[in-house]
Amino acid sequence: MSFVFSPIEAITLPVLGSDARLPVARVFCVGRNYAAHAREMGADDREPPFFFMKPTTAVVQNGTAIPYPSRSQDVHHEVELVIALGHGGANIAVSDADQYIYGYAVGIDLTRRDLQSVAKSKGHPWEVGKAFDGAAPVSTIVPKQHAGDLGHAHIQLTVNGQARQSGTTAEMIWTIPEIIAELSTYFLLMPGDLIFTGTPAGVAAVSPGDVLEGTVDGLEPLRVSIK
């Protein structure tokens, strides 16, 4: 097969304990899936979560120095548990969802909050606020058999060593199996899809020079900087 130009190199992530890497298919994100964060964003904590997407070019790995995003003066951090799928499917039952999971990681959903707010006020899509290059740093993937109890794991983000976000995955409005099942009613899920599962309260702005570290019990930590 020939191409009019060379295909873009695949985006991949390292896997704990393996020389093989996980190829990233798509990036899905769940909005407002922690009650306290929903309230701090001005929503009812009983509102069902919703989904949005980021491009694969948003995915960067541990240790990356991320350029401060252009066209924004108010970029926020949102630490999240990330699901990496190993199998695809549609209309997945909640009871079957676990078998579709390959592993887990820590992610940070970086958001150009000022651009997102303008888009919201005009009823426009959020892409410019959420879907920019470097907007989804992700740690090393931990295969699910090596991860701990991620239904009740502590999740935290520090900026320059100071805690900004802290909570537990038990605070999720929708559980991991429920997220996979619901998302699969909208999309045919694929191996390599990443699902960001929402963030606890405490989102705040970052600045050039900041060092961000996200942790979830049982997973490899994520450490990136803003330049």
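To keep things clear, this report deals only with the structure shown in the data block.

### Considering the pattern of salt bridges
Then comes step 1: The full count for this structure, using the stated rule, is seven salt bridges.
Then comes step 2: Between Lys-130 and Asp-109 there is a salt bridge, with its nearest N and O atoms 2.7 Å apart. Here Lys-130, found in helix 3 (residues 127-130), pairs with Asp-109, found in the loop between strand 9 (101-108) and strand 10 (111-112); they are 21 residues apart in sequence, far enough to count as distant. Asp-109 matches Lys-130 in its accessibility class, with the two residues each being buried.
Then comes step 3: Between Glu-213 and Arg-223 there is a salt bridge, with the nearest N and O atoms lying 3.5 Å from each other. Placement of Glu-213 in strand 16 (residues 211-216) and of Arg-223 in strand 17 (residues 222-226) is noted, with a sequence separation of ten residues between them.
Then comes step 4: The exposure class of Glu-213 is partly exposed, given its relative accessible area of 27%.
Then comes step 5: Salt bridges sharing common partners tie together Lys-54, Glu-78, Asp-109, Arg-113 and Lys-130.

### Digging into the pairing of strand 14 (residues 162-168)
Then comes step 1: One ladder, built from six bridges, connects strand 13 (residues 154-159) with strand 14; its direction is antiparallel. Residue pairing in the sheet places Gln-156 in a bridge with Ser-166 of strand 14.
Then comes step 2: A loop of two residues connects strand 13 with strand 14, the two strands running antiparallel in sequence, and Asn-160 in this loop sits at a positive phi of about 55 degrees.

### Some details on helix 2 (residues 113-122)
Owing to its 3.6 residues per turn, the α-helix brings residues three or four apart onto one side.
Then comes step 1: All of the buried residues along helix 2 are Arg-113, Gln-116 and Ala-119. Along the long axis of helix 2, the arc covered by the buried residues comes to 125 degrees, so they all point the same way. For helix 2, exposure combined with an orientation more than 90 degrees from the buried face picks out Ser-121 and Lys-122.
Then comes step 2: Elements that come into contact with the buried residues of helix 2 comprise strand 7 (75-76), strand 10 and helix 3.
Then comes step 3: Once helix 2 finishes, Gly-123 follows within two positions and takes phi at roughly 70 degrees, a positive value.

Rules of the game
Residues numbered from 1 in each chain as written. Predicted model: local features only at pLDDT ≥ 70, side-chain atom pairs only at ≥ 80, totals over all residues. Heavy atoms only, no water. Salt bridge = Lys/Arg side-chain N within 4 Å of Asp/Glu carboxyl O. Helix = DSSP H or I, 4+ residues; strand = E, 2+ residues; numbered from the N terminus. Buried < 20%, exposed > 50% of the residue type's maximum accessible area, 1.4 Å probe, protein only. Pairing = 2+ DSSP bridges. Arc of directions from axis to C-beta. Contact = heavy atoms within 4.5 Å.

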